[in-house]
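Structural characterization, general
Residues per chain, in single letters:
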Amino acid sequence: MNERFYALPPEKQQAIINAGYRVFSQNSYKNSPMSEIAAEAGISKSLLFHYFHNKKELYLFLWDKCAETTIEFLTRYGCYGQTELFESMERGMRTKMEIIRLYPDMGNFTIKAFYEKDAGISAAIQESYHRYYNLKADKTRLNLDPSQFYTRTGYSYDVSRNVLGFGGLSLGNGAVRQCGYRENGKGFHKTDGLLEKHLSA
């Protein structure tokens, strides 16, 4: 907990957070100077170091902030407790729009951070990712009615893939994905596995 940072007024905190998201999302970790982040936030570089001891501390703070913000807003908008798929999708999109309004560059930052090449940063990001987004935790949040994924002949992976892939459950600017759907379109194996476990529970 960074007490000095959290002692700031909320608008000051948000300015620093958004400055970090913007600069880090446009450059690699190595090529993102703290001086640029400070200038973007409207504070001096020395003051930024007063709140965060080094660049790595700020970077990992921003990454954790992504997850915490997304979970907070998904909970606030009632996304985790829904049984109806399209209601969950609608609430999810409202959540996503509100996060984008408050933190416009958060989504781009999460993608950039996830694929960061710096060894020290990458290891910390992956450890954090598995802590926040493991499938066992996601299964407890998925309350969708299984009958929505059945056709006349039985459960359909095609139906689940098409509907989930439509964007409703890929929530939170890329920070948290309730079903593990990957935005790059390369696969739905996490979603399939989660749904299969849910349907057989």
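Reading guide: rules and limits
Residues numbered from 1 in each chain as written. Predicted model: local features only at pLDDT ≥ 70, side-chain atom pairs only at ≥ 80, totals over all residues. Heavy atoms only, no water. Helix = DSSP H or I, 4+ residues; strand = E, 2+ residues; numbered from the N terminus. Buried < 20%, exposed > 50% of the residue type's maximum accessible area, 1.4 Å probe, protein only. Contact = heavy atoms within 4.5 Å. Areas by Shrake-Rupley, 256 points an atom, 1.4 Å probe, with all protein chains shown as cover. Axes fitted to C-alpha atoms, helices over the stretch in contact; angles between N-to-C directions. Parallel < 35°, antiparallel > 145°, perpendicular 65-115°, else oblique. Left-handed = near helix turned anticlockwise from the far one by under 90°. Nonpolar A, V, L, I, M, F, W, Y, C, P; charged D, E, K, R; others polar. Arc of directions from axis to C-beta. Patch = residues over 30% accessible without salt bridge, like charges linked within 9 Å, V, L, I, M, F, W, Y side chains within 5 Å. Salt bridge = Lys/Arg side-chain N within 4 Å of Asp/Glu carboxyl O. pLDDT = per-residue confidence, 0-100.

Turning next to the overall build of the protein chain. Along the protein chain, the regular secondary structure elements total 11 helices and two strands. Listing every helix and strand of the protein chain by position from the N terminus yields α-α-α-α-α-α-α-α-α-β-β-α-α. By residue count, 46% of the 201 residues in the protein chain fall in the buried class. Sequence separation of at least 24 residues holds for 70% of the intrachain contacts in the protein chain that already meet a minimum separation of 6. Surface summary for the protein chain: the accessible area is close to 10400 Å², and the carbon and sulfur share equals 53%.

Here the focus is the packing of helix H5 (residues 55–76) against helix H6 (residues 85–102). Where H5 contacts H6, the axes come no closer than 10 Å and their chain directions differ by 135°. As far as their axial angle goes, H6 and H5 are oblique. Two packed elements cross with a definite hand, and for H5 against H6 that hand is right-handed. Contacts between H5 and H6 involve Thr69, Thr70, Phe73 and Leu74 from the former and Thr95, Glu98, Ile99 and Leu102 from the latter. Among the residues forming the contact of H5 with H6, the class breakdown is four nonpolar, three polar and one charged.

Among the residues of helix H7 (residues 106–114), those classed as buried are Met106, Gly107, Phe109, Thr110 and Ala113. For H7, the angular spread of the buried residues around the axis is 160°, confining them to a single face.

Attention now goes to the environment of asparagine 108. Tracing the backbone through its elements, the reader meets asparagine 108 in helix H7. Expressed as a C-alpha distance, the spacing of asparagine 108 and arginine 22, which sit 86 residues apart in the sequence, is 8.3 Å.

With that settled, consider the side chain of aspartate 105. Here aspartate 105 shows up in the loop between H6 and H7. What aspartate 105 contacts, discounting residues up to four positions off in sequence, is Tyr21, Arg22 and Ser25.

With that out of the way, let us pick up a nonpolar patch on the surface. A contiguous nonpolar surface patch, about 240 Å² in accessible area, is contributed by Met93, Met97 and Ile100. With respect to the helices, strands and loops of the structure, methionine 97 is situated in helix H6. Note on methionine 97: relative accessible area 45%, which makes it partly exposed.

Per-residue pLDDT for the protein chain averages 76, and the proportion of residues at 70 or more is 65%. Note that residues 159–199 has pLDDT below 50 and, in this model, 105 contacts with residues that lie over four places away or in other chains.

Tracing the chain through its elements places glutamine 13 in helix H2 (residues 10–26). By relative accessible area, glutamine 13 is classed as buried at 13%. Not counting residues up to four positions away in its chain, the partners in contact with glutamine 13 are Phe5, Tyr6 and Leu8.

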